[in-house]
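Observations on the three-dimensional arrangement
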Amino acid sequence: MARAIGAAALVLAVGGCSLDEAVEENDEANAPSAPAESGTDARLPGLPTADEARDLLAGLTVAEPRPMTGYSRDEFPHWTTTDGCTTRETVLARDGADVTVDDDCQPTSGSWFSAYDGETFDDPGDLDIDHIVPLANAWRSGADSWTDDRREELANDLTGPQLLAVSAASNRSKGDQSPDEWLPPAEDFHCAYAAAWTAVKDTYELTVTAAERETLTAALDGCAG
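These numbers were taken from a predicted model, which means no experiment stands behind them. (Residues numbered from 1 in each chain as written. Predicted model: local features only at pLDDT ≥ 70, side-chain atom pairs only at ≥ 80, totals over all residues. Heavy atoms only, no water.)

**A closer look at the packing of helix H3 (residues 50–58) against helix H9 (residues 210–221)**
Going by this rule: To obtain each axis, a line is fitted to C-alpha atoms, and for helices this fit is confined to the stretch in contact; angles are then taken between N-to-C directions over 0 to 180 degrees. Each helix corresponds to a stretch of at least 4 residues labelled H or I by DSSP, and each strand to a stretch of at least 2 residues labelled E; elements are numbered beginning at the N terminus. Working rule for angles: under 35 degrees goes down as roughly parallel, over 145 as roughly antiparallel, 65 to 115 as roughly perpendicular, anything else as oblique. Each crossing gets its hand from how the near helix is turned against the far one by less than a right angle, where anticlockwise is left-handed and clockwise is right-handed. Throughout, a contact is declared for two residues whenever any of their heavy atoms are within 4.5 Å.
Across the interface, H3 lies against H9 with an axial gap of 10 Å and an inter-helix angle of 160 degrees. The pairing of H3 with H9 is recorded here as roughly antiparallel in orientation. The two elements H3 and H9 meet at a crossing, and its hand is left-handed. Where H3 approaches H9, its residues Ala50, Ala53, Arg54 and Leu57 are matched on the opposing element by Arg213, Leu216, Thr217, Leu220 and Asp221.

**Side note on the confidence of the model for the protein**
Filter applied, for reference: Per residue, pLDDT measures the predictor's confidence, with a range of 0 to 100.
Here the protein averages 87 in pLDDT, and 81% of its residues register 70 or above. Every residue in residues 6–39 is under pLDDT 50, and counting partners more than four places away or in other chains gives 77 contacts.

**Overview of the environment of proline 124**
One can find proline 124 in the loop between strand S6 (119–121) and strand S7 (127–131). Each C-alpha atom of the pair proline 124 and glutamine 106 lies 9.3 Å from the other, and the pair is 18 residues apart in sequence. Discounting chain neighbours no more than four positions away, the residues touching proline 124 are Arg88, Leu92, Pro107 and Trp112.

**Quick word on the state of the cysteines**
Counted only if it meets this: When two cysteine sulfur atoms are found within 2.5 Å, that pair is recorded as a disulfide.
Enumeration according to the criterion identifies two disulfides in this entry. With a sulfur-sulfur separation of 2.0 Å, cysteine 85 is cross-linked through a disulfide to cysteine 105. Negative torsions about the S-S bond denote left-handed disulfides, and the value of about 85 degrees found for cysteine 85 with cysteine 105 makes this one right-handed. Placement of the pair is cysteine 85 in strand S3 (residues 85–86) and cysteine 105 in the loop between strand S4 (96–101) and strand S5 (107–114), with a sequence separation of 20 residues. Here cysteine 191 connects covalently by a disulfide to cysteine 223, the sulfurs 1.9 Å from one another. Handedness of the cysteine 191-cysteine 223 disulfide follows from its S-S torsion of about 105 degrees: it is right-handed. Of this pair, cysteine 191 sits in helix H8 (residues 190–203) while cysteine 223 sits in the segment after H9, placing them 32 residues apart in sequence.

**Thoughts on the packing of aromatic side chains**
Each aromatic ring pair is specified by the distance between its two centres and by the angle formed by the two planes. Definition in use: Here is the rule: rings of Phe, Tyr and Trp (six-membered ring for Trp) pair when centre to centre is within 6.5 Å. Planes less than 30 degrees apart are stacked, more than 60 are edge-to-face, and the remainder are tilted. When a residue's accessible area, from a 1.4 Å probe over protein chains only, is under 20% of the maximum for its type it is buried; when over 50% it is exposed; and in between it is partly exposed. For a Lys NZ or an Arg CZ to count as sitting over a ring, it must be within 6 Å of the ring centre and within 35 degrees of the ring normal.
Following the criterion strictly, the structure yields nine aromatic pairs and no others. Taking the centre distance of 5.4 Å and the plane angle of 65 degrees together, the rings of tyrosine 116 and tryptophan 182 count as edge-to-face. In this pair, tyrosine 116 sits in the loop between S5 and S6 while tryptophan 182 sits in the loop between helix H7 (168–174) and H8, placing the two residues 66 residues apart along the sequence. Both residues of the pair, tyrosine 116 and tryptophan 182, count as buried. When the centroid spacing of 5.7 Å and the interplanar angle of 80 degrees are considered together, the rings of tyrosine 116 and tyrosine 193 count as edge-to-face. In this pair, tyrosine 116 is assigned in the loop between S5 and S6 and tyrosine 193 in helix H8, connecting sequence segments 77 residues apart. Over the face of the ring belonging to tryptophan 146 we find arginine 150, whose NZ or CZ atom lies 5.6 Å from the ring centre.

**Section: unusual backbone geometry**
Among all residues except glycine, the phi angle is most often negative; among peptide bonds, the trans geometry is most common. Histidine 78 connects to tryptophan 79 through a cis peptide bond whose omega is -5 degrees. Residue position: tryptophan 79 is located in the loop between H3 and strand S2 (81–82). A positive phi is found at aspartate 83, a non-glycine position, where the angle reads about 55 degrees. Residue placement: aspartate 83 occurs in the loop between S2 and S3.

**A short note on the environment of histidine 190**
Positionally, histidine 190 belongs in helix H8. Histidine 190 has contacts with Leu183, Pro184 and Ala219, leaving out every residue within four places of it along the chain.

**A few points about the nonpolar core**
Quick reminder of the rule: Here, nonpolar core refers to any group of buried Ala, Val, Leu, Ile, Met, Phe, Trp, Tyr and Cys residues whose side-chain atoms link them within 4.5 Å.
Judged by nonpolar contacts, the single largest core of 38 residues is most densely connected at Phe76, Tyr116, Leu154 and Phe189. Elements that contribute at least two residues to this core include exactly H3, helix H5 (135–140), helix H6 (148–155), strand S8 (163–167), H8 and H9. The element that contributes the greatest number of residues to this core is H8, accounting for eight residues. Not counting residues up to four positions away in its chain, the partners in contact with phenylalanine 76 are Tyr71, Leu135, Ala138, Trp139, Ala143, Arg151, Leu154 and Ala155.

Structure below.
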């Protein structure tokens, strides 16, 4: 049986409450929002303001990329399942509006705004869940020396601004490129994107290149407000 569920409800369910309890306590639809001023975006948890992101960026270590020796996406286990919902399913419910899921937590209907390119979709199959900091970039930035558990945490992080539902086309255009190589086509999302990227790098103590830091600085300096 399909059922409508707000994004906050599913996140609560994954956090430990039952799905029924979460739906009962969170009956409001989660409308997707375009990026707000000062580097904020309602869908990205833990997103710093532009000023906060600048401070975080100043504390990141600048280093050359590490080699890709030994890299595989399998080194970052995803998507994990919690209380019957995978990380992908949780993000789709969080980032969509009027999302309906079936008994297996699979979204069956809803509407999703892709902040990378400004497109709106009603088929979840047209969406990817992007790792803001790509797994390969994380590997080059220090994750090559992590434990499997730490890499799994990064790949399934629902508490920080690391995961976002976007169009498959824009995500695949990005690939594993850093901000100095690729920024979202939607320029009004550059601020939020830079803030999210910086926050993830700070949380996981990942390095940045000089060119990466320069681009992030410019994007954060361009934030409104």
